[in-house]
Amino acid sequence: MAHLHDPAHFMRQAAVLSQEAIQHYDGGPFGCIIVKDGVVIGKGWNHVIATNDPTAHAEVVAIRDACIKLGTPELVGCELYTSAEPCPMCMAAIYWACIPVVYYSNTKEESARLGYEDSIIYKELSAPLHVRKIKMIHLPDQQATAIFADWAQREGIK
């Protein structure tokens with residue numbers, strides 16, 4: 001375990017994956033690895049173009065890989081290394097996966113210079129629903145509400 005506590009070593013691995021993304025033209029120049037106890041347990045690079053999946057960012061791909069390998073949706077005790085500061089979607093996935101530490105190389109400002117601009121998302125998420133660019137319509141449904149009630153009862157939620 002020579003690299004157990006060497007963040008620079010793991011960041012270089014993420015950078016190599018970002019190079020893979022552009023060599024294969026799978027997506028933008030983004031790579032990510034997830035490490036637990038000094039061992040890489042998840043890898044990913046941007047696959048947006050290759051898969052026509054706007055959610056196939058390097059961090060999401062690496063989280064999916066690590067969760068499958070560990071057999072859990074929570075990556076407590078892991079570290080995430082990514083070639084660029086995560087976008088809002090990836091940050092949400094990182095929070096949902098309970099990853100406590102993120103190392104990143106390029107900043108969101110550097111990503112924006114390449115055309116990967118996230119500021120509109122941050123602005124939209126903090127805006128009231130009625131002024132967002134995407135129309136948000138609340139449409140209550142009795143069955144959907146009943147399913148939530150069933151789940152709450154099953155889980156003992158009051």
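In this text the structure is predicted, and so the values were computed from the model without any measurement.

Caption draft 1: Structural detail: unusual backbone geometry. In the Ramachandran plot, Asp 37 falls in the positive-phi region, its phi being about 50° despite a non-glycine side chain. Positionally, Asp 37 belongs in the loop between β1 (31-36) and β2 (39-45).

Caption draft 2: Spatial organisation of the sheet that holds β2. Strand order in the open sheet made by the 4 strands is β2-β1-β3-β4, with mixed pairing throughout. The open sheet is flanked by β2 and β4 (101-106), the only strands paired with a single partner. Sheet twist, expressed as the average angle between the axes of neighbouring strands with direction ignored, equals 15°. Here 5 bridges tie strand β3 (residues 78-84) to β4, and the two strands are oriented parallel to one another. By the bridge assignment, Tyr 81 is partnered in β4 with Tyr 103. Most of the contacts of helix α3 (residues 58-70) go to β2, to which it runs at about 140°, and overall it touches β1, β2 and β3.

Caption draft 3: Inspection of the side chain of His 9 at higher detail. Positionally, His 9 belongs in helix α1 (residues 7-23). Residue classification places His 9 among the buried residues on the basis of a relative accessible area of 18%. A polar contact of 2.8 Å, which involves the side chain of His 9, links it to the side chain of Gln 13.

Rules used in this analysis
Each chain carries its own residue numbering, running from 1 in the direction its sequence is written. Per-residue local features are limited, in this predicted model, to residues with pLDDT of at least 70; the limit for side-chain atom pairs, both in listing and counting, is 80 or more; totals at the level of whole chains, interfaces and linings are taken over all residues. Side-chain calculation: all heavy atoms of the structure are included, whereas hydrogens and water are not. Numbering goes from the N terminus for both helices and strands, where a helix is a DSSP run of H or I of at least four residues and a strand is a run of E of at least two. Two strands pair if DSSP finds at least two bridges between them. Lines fitted to C-alpha atoms define the axes, with helix axes restricted to the stretch in contact, and inter-axis angles between N-to-C directions lie between 0 and 180 degrees. In what follows, residue pairs with any heavy atoms lying within 4.5 Å of each other are defined as contacts. Residue exposure (1.4 Å probe, protein chains only): buried if accessible area is under 20% of the type maximum, exposed if over 50%, otherwise partly exposed. The term polar contact refers here to a pair of N or O atoms within 3.5 Å; inside protein, the definition further demands a hydrogen-donor-capable atom paired with an acceptor-capable atom, and it admits residues adjacent in sequence only when both atoms are side-chain atoms.

Shape is all these values report; function is a separate question.
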